[in-house]
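Spelled out from the first residue to the last, the chains are:
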Protein chains: 2
Amino acid sequence: MRASVIHGERDIRFEEAPDPVLQHPTDAIVRVVAACVCGSDLWPYRGVQPTRSPHRIGHEFVGVVEAVGADVRSVRVGDFVIAPFYVCDNTCVNCRNGFSTSCLHGGWWGSHDGPGSSADGGQGERVRAPLADGTLVVVPGGQPDDALLPGVLTLSDVMCTGHHAALSGGVTAGSTVAVVGDGAVGLCAVLASARLGASRIVAMSRHETRQALARELGATDVVPERGDDGVARLRELFGGIGPDVVLECVGTKESMDQALRSARPGGQVGFVGVPAGGPELPVGTMFSTNVGVRGGVAPVRGYIEELLPEVLDGRIRPGLVFDLELPLARVADAYAAMDERRATKVLLRP
Amino acid sequence: MRASVIHGERDIRFEEAPDPVLQHPTDAIVRVVAACVCGSDLWPYRGVQPTRSPHRIGHEFVGVVEAVGADVRSVRVGDFVIAPFYVCDNTCVNCRNGFSTSCLHGGWWGSHDGPGSSADGGQGERVRAPLADGTLVVVPGGQPDDALLPGVLTLSDVMCTGHHAALSGGVTAGSTVAVVGDGAVGLCAVLASARLGASRIVAMSRHETRQALARELGATDVVPERGDDGVARLRELFGGIGPDVVLECVGTKESMDQALRSARPGGQVGFVGVPAGGPELPVGTMFSTNVGVRGGVAPVRGYIEELLPEVLDGRIRPGLVFDLELPLARVADAYAAMDERRATKVLLRP
């Protein structure tokens, strides 16, 4: 089979790889039907996170189960499954608390082989999925039709991550919300906020097509300004004080600063942007404004089952964030398109 | 009259001061019946915050209204009142949102004279109280008896600040909680957590008398260890992962670090320690653990009315945090006793 391997900065290759085999009785083998590139894949692609040695890459995929280990109970051969962007047993205390990203026995795709982690990445033709009962979510009714497939694929990461931003920010019915970041996660955070009943949702975006998409997903306002001007514009929109909640969906020092300064006193920042370059939070400012900060790596496993029915019946359409589709063999082009912001999110099919 | 003035590092004097007069129609004049020294008063006392020129000090007091301006409606001459540690109108949008510490028209005690701030400090015989209808809370039934007075005085700051820590940390029925800091605020945070129904409350304290007091106020466990050992001990106590909530009631880099590392994945840090030395928060750690941080300067004005009935009927006894009482004229001794940790909290009476 073939799979995507990162060799270094801006060097992604689709190359021959050994067919995965069941290594542990809790494993499943999944034939990938669709995968995609994550904004966080761009950090190693750009060399911001160095690649010490070549390894498989990709952590968002859906597919069909081809084999299961002897101890796998809830996943069967032939099932169509969604893989969250990490591995978890879905039973440990952290999983039960709703934070399966801190699973005591789980791990990551494209890391190393083990009972709770996989050296396989999601951007390949086949993947060994560890802790299959915990990790994989079966889609009832089998493979969704082509119109719904992109939306189902977003549950692997971006839609659930946007949802996590909204929950971490405390979005609830009537909340006023601003979203920093107009990438796929930011757009999903707009959709998630609308779904949770936010009364007003500002997309902070300078890109016309993304502004339009944000409005389609539920944004009531668009603010292209950034920095002081962005803060001022949000205050103007929200009673002189700013919105209740700001969702930080980028991960830079600038975006977090924008978020912290934009929320009203006593408001909350929900953050899901993978911190790049390790911005630190100014606790003095947080103290004086009572703006809270909460978020992180999204425990999407628990959200998939909640959101899937709404994707399948078309109530929510997160699949709109895909604006380019390529064959998996052209994965390098997919990275380049996202890196150069020619695409928001690329869907890949083997 | 006489009042406390800070002249510089470790230089607090009780000296002659002009009798306060009504300057604005929204003012009241309060004769102080009891006041106290706050942990945060120790920052300028120790010179951590420099004193550029002598000014009045103290921001926690209760007393009797002696005069009111023409526009004051809800406060009357003869009323016994609690002053929160700041001035607010209790009507602006931030006040209505529950964050009266960010009142658009309010300010501070011991700062400068204005319609929303007062050059008078709380550690004096009389105080001009701006925005009296918003700032002052009338105690029904007049001056409480001597046994209840200390508890009522804590509503001016420490008890409500402990309550704010608990709310900011999201303490609710069944929560597991650890409290970092065994000063008056930390002890009040223990009490507040118990009041909110926390199932288990760990006081992190090395001081025997404070440990005992923490237990009296509702702590179920005491952990004297700090740093890595403290984290390990808390994990041991709470299913290998740590408590749901950690309340940071000190304000140093070490105490915030302790709090952040002690909470379980997906837990929350409620913080009310005034940040000294401006510790910054490690957003990378927060991202990977999903531990949120929320808190700040406590909007106690809104909490006083909620907690006062329980203090007056003896259901909660925050007054236990006082372990020394001195005449107001000996205010310098009060600071020294707290600075040298000979006292947790000193009550001062004119």
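Along every chain, residues carry numbers that run from 1 in the direction the sequence is written. Here chains are named by letter from A upward and ligands by number from 1 upward, in the order in which they appear as written. Restriction of local features to residues with pLDDT of at least 70 applies here, the model being predicted, together with a cutoff of 80 or more for giving and counting side-chain atom pairs; totals for whole chains, interfaces and linings are based on all residues. Based on all heavy atoms of the structure, the side-chain values leave hydrogens and waters out of the count.

- Taking an unreviewed UniProt entry as the reference, chain A is identified by name as IMP dehydrogenase belonging to Cellulomonas composti.
- UniProt positions are given in the numbering used here, feature names are shortened, and annotations may be inferred rather than shown by experiment. Recorded under Sequence similarities (unreviewed entry), the UniProt text for chain A is reproduced unchanged: "Belongs to the zinc-containing alcohol dehydrogenase family."
- According to its UniProt record, chain A has this under Cofactor (unreviewed entry): "Zn(2+)".

### Comments concerning the nonpolar core
Phase 1 of the analysis: Membership of the largest hydrophobic core comes to 158 residues, with the highest contact counts inside it found for Leu247(A) and Leu247(B).
Phase 2 of the analysis: Whether two residues are in contact is decided by their heavy atoms: any pair within 4.5 Å suffices. Setting aside residues no more than four positions away along its own chain, Leu247(B) makes contact with Ala165(B), Ala166(B), Gly169(B), Val171(B), Val177(B), Ala178(B), Val179(B), Val180(B), Ala189(B), Ser193(B) and Gly270(B). We call a set of buried residues a nonpolar core when its members are Ala, Val, Leu, Ile, Met, Phe, Trp, Tyr or Cys and they connect through side-chain atoms within 4.5 Å of each other. Accessibility here uses a 1.4 Å probe with only protein chains present; expressed as a share of the type maximum, an area under 20% marks a residue as buried, one over 50% as exposed, and anything in between as partly exposed.

### Looking at the pattern of salt bridges
Phase 1 of the analysis: Salt bridges are defined by distance alone: a side-chain nitrogen of Lys or Arg within 4 Å of a carboxyl oxygen of Asp or Glu. One pass over the structure, following the stated rule, counts 54 salt bridges over all chains.
Phase 2 of the analysis: Between Arg341(A) and Asp182(A) there is a salt bridge whose closest N-O contact spans 3.3 Å. In this pair, Arg341(A) sits in the loop between α12 (331-339) and β19 (346-349) while Asp182(A) sits in the loop between β11 (176-180) and α6 (184-195), placing the two residues 159 residues apart along the sequence.
Phase 3 of the analysis: The salt bridge involving Arg10(B) is made with Glu9(B); its shortest N-O contact spans 3.7 Å.
Phase 4 of the analysis: Each of the salt bridges in this network shares a partner with another, and the network as a whole consists of Glu9(A), Arg10(A), Arg46(A) and Asp339(A). Labels follow the DSSP assignment, with helices taken as runs of H or I lasting at least four residues and strands as runs of E lasting at least two, numbered in each case from the N terminus.

### Focus on the interface of chain B and chain A
Phase 1 of the analysis: Every contact between the two is made by 39 residues of chain B and, on the other side, 38 residues of chain A.
Phase 2 of the analysis: Simply put, the buried area is the total loss of 1.4 Å probe accessible area from both parts when two parts are fitted together. Here chain B meets chain A over a buried area of about 2900 Å², counting both sides, of which 60% is carbon and sulfur.
Phase 3 of the analysis: On inspection of chain B and its partner chain A, the count reaches zero salt bridges.
Phase 4 of the analysis: Each polar contact in these results corresponds to two N or O atoms within 3.5 Å; when the atoms are within protein, one needs to be able to donate a hydrogen and the other to accept it, and residues that are neighboring in sequence are counted only if both atoms are side-chain atoms. Where chain B meets chain A, there are 16 residue pairs in polar contact (both at pLDDT 80 or more).
Phase 5 of the analysis: Broken down by secondary-structure element, the contributors of at least two residues to the side of chain B that touches chain A are α2 (93-96), β15 (268-271), β16 (280-282), α10 (283-289) and β17 (292-295) of chain B.
Phase 6 of the analysis: The biggest single contributor to the side of chain B that touches chain A is α10(B), with six residues.
Phase 7 of the analysis: The residue makeup of the side of chain B that touches chain A, split by class, is 18 nonpolar, 18 polar and three charged.
Phase 8 of the analysis: Note on pairing: two strands pair once DSSP finds at least 2 bridges between them. Pairing between strand β16 (residues 280-282) of chain A and β16(B): three bridges, direction antiparallel. By the bridge assignment, Leu281(A) is partnered in β16(B) with Leu281(B). Amino acid classes used here: Ala, Val, Leu, Ile, Met, Phe, Trp, Tyr, Cys and Pro are nonpolar; Asp, Glu, Lys and Arg are charged; the rest, including Gly, are polar.

### Remarks on unusual backbone geometry
Residue and element names in this part refer to chain A.
Phase 1 of the analysis: Positioned with a positive phi, Asn-90 is a non-glycine residue whose angle comes to about 60 degrees.
Phase 2 of the analysis: Looking at the element boundaries, Asn-90 is found in the loop between β7 (86-87) and α2 (93-96).
Phase 3 of the analysis: The phi dihedral of Asn-290 falls on the positive side, at around 60 degrees, and the residue is not glycine.
Phase 4 of the analysis: By the secondary structure assignment, Asn-290 is in the loop between α10 (283-289) and β17 (292-295).

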